[in-house]
Amino acid sequence: MALSTLSQISVTVPVGNDCSLRRSVFKTNNISFSDKLWVIPTLSLNFKTKNGRSRDHQILCMSVQQASTPKVSVSPLNLEDAKETPLNIYKPKGPYTATIVSVERLVGPKAPGETCHIVIDHGGNVPYWEGQSYGVIPPGENPKKPGSPHNVRLYSIASTRYGDFFDGKTASLCVRRAVYYDRETGKEDPSKSGVCSNYLCDSKPGDKVKITGPSGKIMLLPEDNPNATHIMIATGTGVAPYRGYLRRMFMESVPTFKFGGLAWLFLGVANTDSLLYDDEFTKYLKDYPDNFRYDRALSREQKNKSGGKMYVQDKIEEYSDEIFRLLDDGAHIYFCGLKGMMPGIQETLKRVADQRGESWEEKLAQLKKNKQWHVEVY
């Protein structure tokens, strides 16, 4: 069976190549990808339908190395036909009840904190575009408004409109578990843990989750010029929308979008164990060296030119001449992550502009006017 026909079989495909979870219950199937034989572990999960009957959900644990070349067919292609951005199909007073498909820890043991990749089955009922967000309403009562549900928490979607399984029925979220530590004792204070992030990271396959949206237009991937340059800057889970962009550019076979430009990703995290989706990005780097660049800023492992910790703004400064040239040529630049990232980045860009004899304020105004500047921070 050729990879191009993969979407025609009833499977789901989790992210990455970590198939170690519960290996004892996996069985293997031999599947041919481009005249190569791969031994693929599969796992059957059992979900309950509304009438109580069981529904086997076959998971194909396929590594990104097998999924990126040649590209994977996607469906339904009518997801390309929408003329208007899908917005707020489901609102907080009437959320959609979706189903958790899987929760996978993304980071290694030495990462500070836990980040999870969560796949949600929306049944094709909550379509979205790359760069949008879903709202999640955790169960329980809002402590500030007794008798009312919790407020909506927004999460950038970390998959393309076709989802991780290429069938248009799922969306993926990249969620860091929010925990708080007592300043005096240094111990975790469970009474102050993030309600929604912990709910999502603790969820199990088959659990129900109330979602709203999709929302957002700022981070939509412009596709009017398939040969454009896209410079993507992220800290931590801010990499979520870029994963969607890059899967659309390099993993999926989309008849209406053939990317031939340059995608350049800067990702800032604490250390190697904190890298997110690194296997996917590294594979694109190998397969598409003329179209993808990938720079990591590891604050606890790398030093900047001054001997301090390496942050994304330091990487930007390192390549500043090239970045400014690309921006002058019409490149789009995106920023996503904690809002604390922006002051340092803005200071770096202003300093570089001053060194070049340019006014950063004027340049920024022009970038915004040309719709080249995209920022989503939280």
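Throughout, residues of each chain are indexed from 1 in the direction in which the sequence is written. The predicted nature of this model means local features are confined to residues of pLDDT at least 70 and side-chain atom pairs, given and counted, to a pLDDT of 80 or more, with totals for whole chains, interfaces and linings taken over all residues. Excluded from the side-chain calculation are hydrogens and water; included are all heavy atoms of the structure.

Moving on, we get to the packing of helix 3 (residues 240–251) against helix 4 (residues 278–287). Axis definition: a line fitted to C-alpha atoms, limited for helices to the stretch in contact. Angles are taken between N-to-C directions and run from 0 to 180 degrees. A run of H or I in DSSP becomes a helix once it reaches four residues, and a run of E becomes a strand once it reaches two; helices and strands are each numbered from the N terminus. At a minimum axis separation of 11 Å, helix 3 and helix 4 run at an interaxial angle of 35°. Handedness of the helix 3/helix 4 crossing: left-handed. Between helix 3 and helix 4, the contacting residues are R243, L246, R247, F250 and M251 on the first element and E280, F281 and Y284 on the second. Classifying every residue of the contact of helix 3 with helix 4 gives five nonpolar, no polar and three charged. Definitions for this section: a left-handed crossing has its near helix turned counterclockwise from the far helix by less than a right angle. A right-handed crossing has that turn clockwise. In what follows, residue pairs with any heavy atoms lying within 4.5 Å of each other are defined as contacts. Under the convention adopted here, Pro, Cys and the residues Ala, Val, Leu, Ile, Met, Phe, Trp and Tyr are nonpolar, Asp, Glu, Lys and Arg are charged, and Gly plus all remaining residues are polar.

Regular strands show a simple pattern: their side chains alternate between the two faces of the sheet. For strand 13 (residues 262–269), the buried fraction is high: eight of the eight residues fall into the buried class. Each residue's exposure class comes from its accessible area (1.4 Å probe, protein chains only) as a fraction of the maximum for that residue type: buried when under 20%, exposed when over 50%, partly exposed otherwise. Side chains L262, W264, F266 and G268 of strand 13 all project onto a buried face; the interleaved residues A263, L265, L267 and V269 project onto the opposite face, where all are buried too. When strand 11 (residues 229–235) meets strand 13, the two strands line up parallel, connected through seven bridges. Bridging from a neighbouring strand, T229 pairs with L262 of strand 13. Strand pairing is assigned whenever DSSP identifies at least 2 bridges connecting the two strands. Relative to strand 14 (residues 292–298), strand 13 runs parallel, the two sharing seven bridges. From the neighbouring strand, L267 faces strand 14, where its bridge partner is R296.

This part is about the side chain of T348. Its location among the elements puts T348 in helix 7 (residues 341–355). Take T348: its relative accessible area is 4%, and that puts it in the buried class.

In this scheme, patches are assembled from residues that exceed 30% relative accessible area and form no salt bridge. Like charges are connected within 9 Å, while nonpolar side chains (Val, Leu, Ile, Met, Phe, Trp, Tyr) are connected within 5 Å. Areas reported as accessible are Shrake-Rupley estimates using a 1.4 Å probe. Residue values count occlusion only from the protein chains shown. Just to be clear on terms, a salt bridge is a Lys or Arg side-chain nitrogen sitting within 4 Å of an Asp or Glu carboxyl oxygen. In this tally, Lys and Arg are treated as positive and Asp and Glu as negative; His is ignored, and so are the chain termini. For this purpose, a charge sits on NZ of Lys, CZ of Arg, CG of Asp or CD of Glu. Together, R176, R300, K303 and K309 make up a positively charged patch on the protein surface. Residue placement: K309 occurs in the loop between strand 14 and helix 5 (312–318).

Let us now look at helix 6 (residues 320–328). Within the span of helix 6, buried status applies to S320, I323, F324, L326 and L327. Around the axis of helix 6, the buried residues are gathered within 160° of arc, so they sit on the same side. On the buried face of helix 6, the contacting elements are strand 11, strand 13, helix 5, strand 15 (332–337), helix 7 and helix 8 (360–369). The positive-phi residue at the C-terminal boundary of helix 6 is G330, with phi of around 105°. Note: the arc covers the axis-to-C-beta directions of the helix.

The next subject is the sheet that holds strand 11. Strand order across the open sheet formed by five strands is 14-13-11-15-16, with parallel pairing between neighbours. In this open sheet, the two strands that pair with only one neighbour each are strand 14 and strand 16 (373–377). Direction aside, the axes of adjacent strands within the sheet are offset by 10° on average. Across five bridges, strand 15 lies against strand 16 in parallel orientation. Counted as the bridge partner of I333 is W373 from strand 16.

Right, let's get into the confidence of the model for the protein. Residue-level pLDDT values for the protein average 84, and 79% of them are 70 or greater. Scored below 50 in pLDDT, residues 1–68 shows 143 contacts in the model against residues more than four places distant or in partner chains. Across the chain, each position has a pLDDT score giving the predictor's confidence in that residue, from 0 to 100.

Bringing the pairing of strand 6 (residues 115–121) into the picture now. Of all seven residues that make up strand 6, seven are buried, and the element is covered over most of its length. Burial of strand 6 is two-sided: the residues T115, H117, V119 and D121 facing one way and the residues C116, I118 and I120 facing the other way are all buried. Across six bridges, the pairing between strand 5 (residues 96–105) and strand 6 is antiparallel. The residue bridging V103 from the neighbouring strand is I118, located in strand 6. Both strand 6 and strand 9 (residues 170–176) contribute to a ladder of seven bridges, which runs antiparallel. Residue pairing for strand 9: C116 is matched across the bridge by V175.

The next thing to look at is the nonpolar core. Here is a general trend for soluble globular proteins: nonpolar side chains tend to be buried in one another's company. What is meant by a nonpolar core is a set of buried Ala, Val, Leu, Ile, Met, Phe, Trp, Tyr and Cys residues, joined one to another through side-chain atoms within 4.5 Å. Y242 and L246 are the most contacted members of the largest nonpolar core, which has 40 residues in total. Counting only elements with at least two residues in this core, the list comes to strand 11, helix 3, strand 13, helix 4, strand 14 and strand 15. Ranked by the residues each element gives to this core, the list is headed by helix 3, at seven residues. Aside from chain neighbours lying at most four places away, what touches L246 is M232, M251, A263, L265, F281, Y284 and F292. Counting residues in hydrophobic clusters, the runner-up holds 26 residues, among them V312, L326, A331 and L349.

This brings us to the sheet that holds strand 10 (residues 208–215). A sheet is described by the order of its strands in space; here six strands give the open sequence 8-7-10-5-6-9, paired in antiparallel fashion. A strand with exactly one partner marks an edge of an open sheet, and here the two such strands are strand 8 (153–156) and strand 9. Neighbour-to-neighbour, the strand axes of this sheet turn through a mean angle of 40°, independent of strand direction.

Quick look at unusual backbone geometry now. S75 connects to P76 through a cis peptide bond whose omega is -5°. Inspection of the secondary structure assignment puts P76 in the loop between strand 4 (72–73) and strand 5. Notably, N88 is not glycine yet its phi reads approximately 50°, a positive angle. The residue N88 is located in the loop between strand 4 and strand 5 in this model. Phi at Y277 is positive, roughly 60°, even though this residue is not glycine. Among the secondary structure elements, Y277 is positioned in the loop between strand 13 and helix 4.

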